[in-house]
Amino acid sequence: MRLLTVRQIPIRLHSSFLLLAGVMVGWDLLRSGPTAALSALILGTMVFASVLLHELGHALTGRLFGVTTRDITLYPFGGIARMDITNLRAGPEIVISLAGPLVNLVLALLGMVLLQLGLPLAGELVMVNLVLGIFNLVPAFPMDGGRVLRAVISLRRSPAAATRAALSVSRWFAWAFIIAAPLLGSWSLALVGGFLLLSIQAEGVRLARRAALLAAGVDRAAPLAPGWTELAPRDRAGLGFGHPVR
């Protein structure tokens, strides 16, 4: 579902987002009453806005390097900005990758100012953006930290070799998230781990296809990475909802 357009970038909302939001607000309404449901709705809106601004940070920074963003889609597990980043150099990729977490840092600092002024939910704004910013710096591809890792490795190795190395590291993080989920009581962490494993598999297929095309003498190979994904794990306090990614 298309929500709006920002700087010629279509912003879309996946239908599963509305379904999950309705279930969560309805559950709080039945369990704790309208006040709790309203607080959950406000907090969810805060997370929604933070993820969207994170994605726009990537997209608008990408424009500085001539990168086009096809659209931004928000899912329950986070946001995906589809960006045309074929042949992007290591330096620009690092800058674009860090732009999203930097937006969250700025929002967290704004929340601290609002907290000093005594505004309600300012503390939640700080926590939400610290979680988003820090979590997305985990070096697990295709999250922001994983893209930074790949870009750094590509300074000394080929893009394909750098991607394979980053995927190997990411696989360890994905399984760590899945194993830690029941221990921490955060099943959304398992969802993030599963999403990472699917992304790793898809990227491996894309690498193999690219290698086959190059071996056949076809220069028009598929890009190594189709977009940016931001992931925000949901914990029991409701911080985060479905980056994480590309």
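Quantities reported herein were computed from a predicted structural model and do not represent experimental measurements.

Basis of the calculations
Residues numbered from 1 in each chain as written. Predicted model: local features only at pLDDT ≥ 70, side-chain atom pairs only at ≥ 80, totals over all residues. Heavy atoms only, no water. Axes fitted to C-alpha atoms, helices over the stretch in contact; angles between N-to-C directions. Helix = DSSP H or I, 4+ residues; strand = E, 2+ residues; numbered from the N terminus. Parallel < 35°, antiparallel > 145°, perpendicular 65-115°, else oblique. Left-handed = near helix turned anticlockwise from the far one by under 90°. Contact = heavy atoms within 4.5 Å. Salt bridge = Lys/Arg side-chain N within 4 Å of Asp/Glu carboxyl O. Buried < 20%, exposed > 50% of the residue type's maximum accessible area, 1.4 Å probe, protein only. Core = buried A, V, L, I, M, F, W, Y, C linked by side-chain atoms within 4.5 Å.

**Student:** I would appreciate a short explanation of the packing of helix α3 (residues 90-116) against helix α5 (residues 144-153) in the present structure.
**Tutor:** Helix-helix packing is described using two parameters, namely the angle between the two axes and the distance between the axes. At a closest axis distance of 9 Å, the pairing of α3 and α5 adopts a crossing angle of 165 degrees. Taken together, the axis directions place α3 and α5 in an arrangement best described as roughly antiparallel. Along this stretch, α3 crosses α5, giving a crossing that reads as left-handed. Contact with α3, carried on its side by Ala 90, Glu 93, Ile 94, Ser 97, Leu 98 and Pro 101, involves Asp 144, Arg 147, Val 148, Arg 150, Ala 151 and Val 152 of α5 and no other residues of that element.

**Student:** Would you mind showing me how to read the pattern of salt bridges here?
**Tutor:** Should their charged atoms come close, side chains of opposite charge can pair. Enumeration according to the criterion identifies five salt bridges in this entry. The partner of Glu 93 in a salt bridge is Arg 150, with the nearest N and O atoms 2.5 Å apart. Pair noted here: Glu 93 is in helix α3 and Arg 150 is in helix α5, with a separation of 57 residues, a long-range link. Given a relative accessible area of 7%, Arg 150 falls into the buried group. The partner of Arg 206 in a salt bridge is Glu 203, with the nearest N and O atoms 2.5 Å apart. Taken together, the residues span about one helical turn, with Arg 206 and Glu 203 both in helix α7 (residues 187-215) at a distance of three residues. Using a relative accessible area of 3% as the deciding quantity, one classes Glu 203 as buried. A cluster of three or more residues bridged by salt bridges with shared partners is formed by Arg 12, Asp 71 and Arg 82.

**Student:** Any chance you could explain the nonpolar core here in plain terms?
**Tutor:** Soluble globular proteins tend to pack their nonpolar side chains together in the buried interior. Counting 21 residues, the largest nonpolar core has Ile 11, Leu 52, Ile 72, Leu 74 and Met 83 as the members making the most contacts within it. Leaving out residues up to four positions away in the same chain, Ile 11 has contacts with Met 1, Arg 2, Leu 3, Leu 4, Val 6, Leu 52, Leu 56 and Ile 72.

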